[in-house]
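If you want the building blocks of each chain, they are given just below.
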Amino acid sequence: MSYRWTRVLCSGLFLVPLGWSFAANAEKVRLVDPSGEPMPDLVVYLQAKNSQQHTVGNKVTPPLEIHQKDKQFTPYITVMQKGYELQFVNDDDITHHIYSAAGPKRFSFKLRKDNSTKTLRFEQEGHISMGCNIHDWMSGHLLVVDTPYFAIADESGEVEFDGIPNAEYELMVWHPQLQVENNTLMQTVTTSSSTPIIVTIDVPTADIPEQKSLDDFDFLEGY
């Protein structure tokens, strides 16, 4: 980790000092690329640095759902707090065989057509990548976090948190296509100032895989 007048805080992640001190209000975070353009759809979450500090509350409004629609995972990225249930919903008129072969929870199950559902509880934090054994181009990602303070950046690259206690936190930025270790950028922040954090993401980002078949037809279409 290096420090310069621009406050380069970790490889690929900058907190831009627009006339404010190192302390920052973690209730609002804005993600931008090196040219200042917003970076939407990245996960941002806060974890208390002090293990004795208990973060209460939740950011979960059941039901949590991931849909299979038009042979895609919708949404492509889901983030949730551990200890809650997630429902998989098949909106297509064909069968899907959803699986995850790695991560804190492994599973494999079929979702028949006609709005079939499957509910799973996630008790461990971590990244779970998902696919379909029938439609092998389908991919989706679930991030389970151990904090109530999480969100996905909107089209303006912004996230907002409500009721953050004044404390020291690790600010985590995650996306499955971020080309860094564990797809995660991290930096310590505090909540003692009223100025939003501006985070510049300066690491390579891979393209999201195209969610459609490369074949002219799907021979298992009626499966």
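Above this note sits the structure.
Since the structure is predicted, the reported quantities are computational estimates derived from the model, not experimental observations.

Novice: Can you walk me through the side chain of Thr78 in this structure?
Specialist: With respect to the helices and strands, the residue Thr78 is situated in strand E7 (residues 77-81). Residue class for Thr78 comes out buried when judged on its relative accessible area of 10%.

Novice: Explain the sheet that holds strand E8 (residues 84-90) here, please?
Specialist: What links the strands of a sheet is backbone hydrogen bonding, and the strands pair in either a parallel or an antiparallel sense. With mixed pairing, four strands are arranged side by side in an open sheet as E6-E5-E8-E11. In this open sheet, the two edge strands, each paired with only one partner strand, are strand E6 (72-74) and strand E11 (117-122). Across the sheet, the mean angle separating the axes of adjacent strands is 20° when strand polarity is ignored. Note that E8 and E11 share six bridges and pair antiparallel. Bridging across to E11, Tyr84 finds its partner in Phe122.

Novice: Please clarify how the environment of Met130 should be interpreted in this entry.
Specialist: Considering the arrangement of structural elements, one finds Met130 in strand E12 (residues 126-132). The residues touching Met130, leaving out its near neighbours within four places in the chain, are Ile66, Phe73, Phe88, Tyr99, Phe107, Met138, Ser139, Gly140, His141 and Leu142.

Novice: What am I meant to see in the pattern of salt bridges here?
Specialist: Oppositely charged side chains are able to pair whenever their charged atoms sit close together. A complete count under the given rule lists five salt bridges for this structure. Between Glu170 and Lys49 there is a salt bridge, with its nearest N and O atoms 3.9 Å apart. Separated by 121 residues along the polypeptide, Glu170 in strand E16 (residues 168-174) and Lys49 in the loop between strand E4 (43-48) and strand E5 (65-69) bring together distant segments of the chain. On the accessibility criterion, Lys49 (40% relative accessible area) is partly exposed. Notably, a salt bridge pairs Glu85 with Arg121, separated by 3.5 Å at the nearest N-O pair. Of this pair, Glu85 sits in strand E8 while Arg121 is found in strand E11, placing the two residues 36 residues apart along the sequence. Overlapping salt bridges bring together Glu85, Arg121 and Glu123 as one network.

Reading guide: rules and limits
Residues numbered from 1 in each chain as written. Predicted model: local features only at pLDDT ≥ 70, side-chain atom pairs only at ≥ 80, totals over all residues. Heavy atoms only, no water. Helix = DSSP H or I, 4+ residues; strand = E, 2+ residues; numbered from the N terminus. Buried < 20%, exposed > 50% of the residue type's maximum accessible area, 1.4 Å probe, protein only. Pairing = 2+ DSSP bridges. Axes fitted to C-alpha atoms, helices over the stretch in contact; angles between N-to-C directions. Contact = heavy atoms within 4.5 Å. Salt bridge = Lys/Arg side-chain N within 4 Å of Asp/Glu carboxyl O.

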